[in-house]
Amino acid sequence: MPFFFYAFAAIAVIGAICLICFRNPVNSAISMVASFLGLAALFIGLNAYFVGIIQILVYAGAIMVLFLFIIMLLDLKAVERRQRANPLFLLGGIVIPLIFIIQLCAILPQVPNQDSEPLALKEAAKDFYDKDRKPGEQSEIHQSLEKGSLPDVHLVGLTMFGHKGDNSTIKTPGYNFPLQIIGVLLLVATVGVVALSLKKRDSLPENSEH
Amino acid sequence: MASLQEYLFISGLLFAIGLAGVLVRRNIIVIFMCLELMLSSANLTLVAFSRFNTGTSGLPDYNGQVLVFFIITVAAAEVAVGLAIIVALYRARQTVNVEDLTSMKG
Amino acid sequence: MLELLGWLLLLLPLFSAAVIQLWLKEMPGTAVSMSILSVVTTFLITLILLAGEDTSAAINWASAGSFHIEIGLLIDNLSKGMMLVVTGVGMLVHLFSLGYMKDDAAKARYFGGLSIFMFSMTGIVLASNFVMMFIFWELVGFSSYLLIGHWFQKDSAAEAAKKAFLVNRIGDFGFMIGILMLWGLFGTFAFAEMADGARALGPDSSTVTGIAVLLVFCGAAGKSAQFPLHVWLPDAMEGPTPVSALIHAATMVAAGVYMLFRLQVSAGALLFEGFAGTTIMWIGGITSLLAALMATQQDDIKRVLAYSTLSQLGYMVMAVGLAGDHGGEAGMFHLYTHAWFKALLFLGAGAVIYACHHEQDIWKMGGLLGRMKKTAITFAIGTGALMAICPLSGFWSKEQILEAAHHETPALFWLAIVVAALTPFYMTRLFIVAFLGQGRSRGAKEAREAPGIMLYPLFALAAMSIIAGFPSIAGKLSPAFHHPEHAFNPTNPIFLISLAALVTGIAAGVLLYRGRDSDPLADNPVFRIFRNKFHLDELYLVLVRCCQDAVAAVIHFFDEFLIGELIVGGLARSATGLGNIFRRLQSGNLQGYAILFGAGIILVIYLTVFVR
């Protein structure tokens, strides 16, 4: 396991470094995909399958395409300048993250350095056992856990939408309301993007023939 | 399996690299990518804490993962709006170089 | 029912004034009838109220916690009698004005002004508390300003209006402070509650109380034109003559006396013991003497009457200041009789001026007795009443004042006797010069009797001047009247002394002025001082100019350098300087901001995590 961790962590970090080092933004975007893929792998290594898949789908998929599309649309290669960055900014850009990492290293030893045990799925299954049902008709979660696999999506869903039953250890009111708000946010973002992208003819008379 | 410390370190490292990118790069799209990287590194922290904070049942704390879900959603919306703004900006100024965008100079 | 009539009495003139001002300015005929209708109605209401009970009404106007300001009516004997004077004289003056102002271009404005004056004066008289009285006090000053300045095209009229307003403001400022001090002492503005407040006051506070009363008197001194604030009243004669009769002889100038007496009645005569009362009565006495002296050398018929008004007002104020032995009642009684005969004199003078083609100099009149018999006879009646010839109305009230003065302060009594000798002297002079002998100008030779609409008010006022003083009538109509314990006694030494003063004055006047064409005393240096009004106007002018320049210089320095340069300018400059320093930070470069932001975050992490 540590091998996979180090491998994917290396992919993520190298991808990130490439992201800031490539001069061509297209290369940067590709590096970011690599970095995000590594990150997704780390998520999966943490038994967070659902989040990992979402990471791949949303970031490596949708957002990346969006970035590439915009880069292509604006044809930025010609725009990028050859001149060096302001040395003061370069210095600040290196020193500040360095100090940040030093601070992180200083504080990390205070975190309990535990190696995670493999999840005890069979024991957890007991918490999802419904006494009112026959053994063959138990919930998906219970059945999966009995079989020794983590029903990650079900558990995320359970947490997100809440659980009213009395036979489970996970009893949350759920995140229904924030979920609605997020929906509205997405809608507003959609409308906003459309509004921003509309070409105002009178404000740009030189582009009006396009 | 790796320890919590290692995950947090990787997360911090990614965050620092993202920060460095924001501070050093002058292409606003790349700056934007670095911002996304910083957001994702925060997600890694959340997921790691979720995994290592096993409850009484021995399962990960899924509240953290729900939060990550929300962050990804908001980030998606943010990317869409942000890129739209960049396009509008480019239309107006014909540049994506932040050194040319100094109209807020006092 | 009576309250309703009271409100109607107060608001009817306001309604009339508002309607005239808003809609009737182009329709003088309608405006005049509106104004006259309103004043006649108020007179009738006053008569009904006079027959009715005492009553009071109030609506809450503003309150903050336990602090209340009311708009209220206080209808008692005092205000009813005063209202009779106000609406009675007011009505007659309105009627007289019909004739006098017949050809005036701005008739509607004039009658609107009269209406707003009637409203304000009614407010003062009926006010149930000091705040309301103060409001109407100011309104009266405002309407007086309007009416003095009616012929504002004339510079002198505009100046006089301004002067009246400003001098009144000086007094009103003191009045306002006085009201607030009295409120602090008594805990109330309402007249009805003042007696309790005054009773609760310990003897220790008599100095403060005295100062408060004196400050209130400042207001009275301004409005009633007492020395040293008397200078506006003679100038106010620039207004139309009926206005002088109504405002500057009968009602508004008497408001100060009325207010003082209202305070005296509400809070008790004890308030006027001590230095406050002494000051008030001496100011009254001095005003009366100075004004009488100045009146002896005036040539303008209206100015003679104006100074005579001043003199009589001084009498009233003196009487109110005497307080003890029913001096206040005597003062109010004199106010009431004076209102009739002085309005008569002014309207008579108005008729004469009208007949002589707006000639006001008495030396250019003469021989009017033959040509304007009715006017002259009514004028003679008024003169007699002013001289206090027995049994005309002025006699009774003046006798009471003299009696009160004699009882309280002999020095003031002798001062009053001197005035009582001067009054007949200058009135004899006026009458002889203006009405007897030969006409000395074309206007006087062509004078004809005034039209009926101007004569009838004169007759009515003459009748009141004759009968108003009789104790049986005065007891019913006068705002305040003290029935003397003993009936009138011809052997009373006070009567004899005042009779001697009267005879002396008339004799001197007759001897000096009979058959003269110019003033024999004009070259006398002493009398020249009187003619020049003791140079008070010039003195004030110099005083005001010096003070004003000095104060203005100080204020200018303060304003220009201390506030303008140092504070305002300094603040602005320091803000600009700071801004110039900080704007360097605002490079507008996004990454510069980001670096500062990152450094800040690192600092915050350091402070929150590593520094414990």
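A quick note: this is a predicted structure, and the numbers were derived from the prediction, not measured. (Residues numbered from 1 in each chain as written. Chains lettered and ligands numbered in written order. Predicted model: local features only at pLDDT ≥ 70, side-chain atom pairs only at ≥ 80, totals over all residues.)

Student: Tell me about the overall build of chain B, and please be specific about residues and values.
Tutor: When helices and strands are tallied, chain B shows three helices and zero strands. When its helices and strands are written in sequence order, chain B yields α-α-α. By the burial criterion, 52% of the 106 residues in chain B qualify as buried. (Helix = DSSP H or I, 4+ residues; strand = E, 2+ residues; numbered from the N terminus. Buried ≥ 20, exposed ≤ 12 C-beta atoms within 10 Å, placed from the backbone.)

Student: Describe the interface of chain B and chain A, listing the residues and the values that go with them.
Tutor: With 67 residues of chain B at the interface, the matching set in chain A holds 78 residues. Elements with a minimum of two residues in the side of chain B that touches chain A: α1 (4–24), α2 (28–52) and α3 (62–93) of chain B. A total of 23 residues in the side of chain B that touches chain A trace back to one element, the largest contributor, which is α3 of chain B. A breakdown of the residues in the side of chain B that touches chain A according to their chemical character gives 45 nonpolar, 16 polar and six charged. (Contact = placed C-beta atoms within 7 Å. Nonpolar A, V, L, I, M, F, W, Y, C, P; charged D, E, K, R; others polar.)

Student: A description of unusual backbone geometry should follow, citing residues and the corresponding values.
Tutor: The phi torsion at Gln94 of chain B lies on the positive side, around 60°, for a residue other than glycine. Of note, Gln94 of chain B is situated in the segment after α3. A tally of 10 C-beta atoms within 10 Å means that Gln94 of chain B is categorised as exposed. Phi is positive for Ala388 of chain C, close to 70°, though the residue is something other than glycine. Inspection of the secondary structure puts Ala388 of chain C in the loop between α16 (373–387) and α17 (393–408).

Student: Go over the nonpolar core, please, and point to the residues and values.
Tutor: Residue and element names in this part refer to chain C. Of all hydrophobic cores here, the largest spans 204 residues; its most connected members are Val216, Val257, Ala343, Val352, Ala416, Ala434 and Leu461. No other element matches the 19 residues that helix α14 (residues 327–355) contributes to this core. For Ala434, the residues in contact, after removing those within four places along its chain, are Ile301, Val352, Ile362, Met365, Gly366 and Leu368. (Core = buried A, V, L, I, M, F, W, Y, C linked by C-beta atoms within 7 Å.)

Student: I'd like a rundown of the interface of chain C and chain A, residues and numbers included.
Tutor: Residue-level contacts link eight residues of chain C with seven residues of chain A. Residues belonging to the side of chain C that touches chain A are distributed by class as follows: six nonpolar, two polar and no charged.

Student: Give me the lowdown on the packing of helix α13 (residues 301–322) of chain C against α17 of chain C, citing residues and values where you can.
Tutor: Residues and elements named next belong to chain C. Here α13 crosses α17 at 45°, and the two axes come no closer than 10 Å. Classified by the angle their axes make, α13 and α17 are oblique. Crossing of α13 against α17: the hand is left-handed. Residues Tyr315, Met318, Ala319 and Leu322 of α13 form the contact with α17, whose participating residues are Ile401, Ala404, Ala405 and Glu408. Taken together, the residues that form the contact of α13 with α17 break down as seven nonpolar, no polar and one charged. (Axes fitted to C-alpha atoms, helices over the stretch in contact; angles between N-to-C directions. Parallel < 35°, antiparallel > 145°, perpendicular 65-115°, else oblique. Left-handed = near helix turned anticlockwise from the far one by under 90°.)

Student: Go over the packing of helix α3 (residues 77–100) of chain C against helix α20 (residues 452–467) of chain C with me, naming the residues and quoting the values.
Tutor: All names here are of chain C. For the pair α3 and α20, the least separation of the axes is 7 Å and the interaxial angle reads 155°. In terms of axis orientation, α3 runs roughly antiparallel to α20. The chirality of how α3 crosses α20 is left-handed. Packed against α3, whose contacting residues are Leu92, Leu95, Phe96, Leu98, Gly99 and Tyr100, the element α20 presents Ile453, Met454, Tyr456, Pro457, Ala460 and Leu461 at the interface.

Student: Give me the lowdown on the pairing of strand β1 (residues 55–64) of chain C, citing residues and values where you can.
Tutor: Burial analysis of β1 of chain C places just zero of its ten residues in the buried class, a small minority of the element. Where β1 of chain C folds back on strand β2 (residues 67–75) of chain C, the antiparallel hairpin that results is connected by two residues, among which Gly65 of chain C adopts a positive phi of roughly 65°. (Pairing = 2+ DSSP bridges.)

Student: Break down helix α3 (residues 49–74) of chain A for me, with residues and values.
Tutor: Compared with an ideal rise of 1.5 Å per residue, which puts 26 residues at 38 Å, α3 of chain A spans 36 Å between its outermost C-alpha atoms and is within 8% of the ideal. Largest kink in α3 of chain A: about 30°, centred on Met64 of chain A. Buried residues of α3 of chain A: Phe50, Val51, Gly52, Ile54, Gln55, Tyr59, Ile63, Phe67, Ile70, Ile71 and Leu74 of chain A, and no others. Lining the buried residues of α3 of chain A we find α2 (25–45) and α7 (152–161) of chain A together with α2 and α3 of chain B. In the stretch just after α3 of chain A, Asp75 of chain A is the one whose phi turns positive, near 50°. (Expected span 1.5 Å × (residues − 1). Bend = angle between axes of the 7 residues up to and from the residue.)

Student: Go over the confidence of the model for chain C, please, and point to the residues and values.
Tutor: Interpretation of this model should avoid reading the predicted coordinates in detail wherever pLDDT is low. This prediction gives chain C a mean pLDDT of 84; 98% of its residues lie at or above 70. Quick note on the complex model: pTM equals 0.62, ipTM equals 0.90. (pLDDT = per-residue confidence, 0-100.)

Student: Explain the pairing of β2 of chain C residue by residue, including any values.
Tutor: Where β1 of chain C and β2 of chain C come together, nine bridges link them in antiparallel fashion. Looking at β2 of chain C, one finds that Ala57 of chain C is bridged to Leu73 of chain C.

Student: Quick one: what's the story with the environment of Met82 of chain C, residue by residue and with numbers?
Tutor: Residues and elements named next belong to chain C. Among the structural elements, Met82 can be located in helix α3. Residue classification places Met82 among the buried positions, given that 29 C-beta atoms sit within 10 Å. Each C-alpha atom of the pair Met82 and Ser478 lies 7.5 Å from the other, and the pair is 396 residues apart in sequence. Once residues within four sequence positions are removed from consideration, Met82 is found in contact with Val125, Tyr258 and Pro479.

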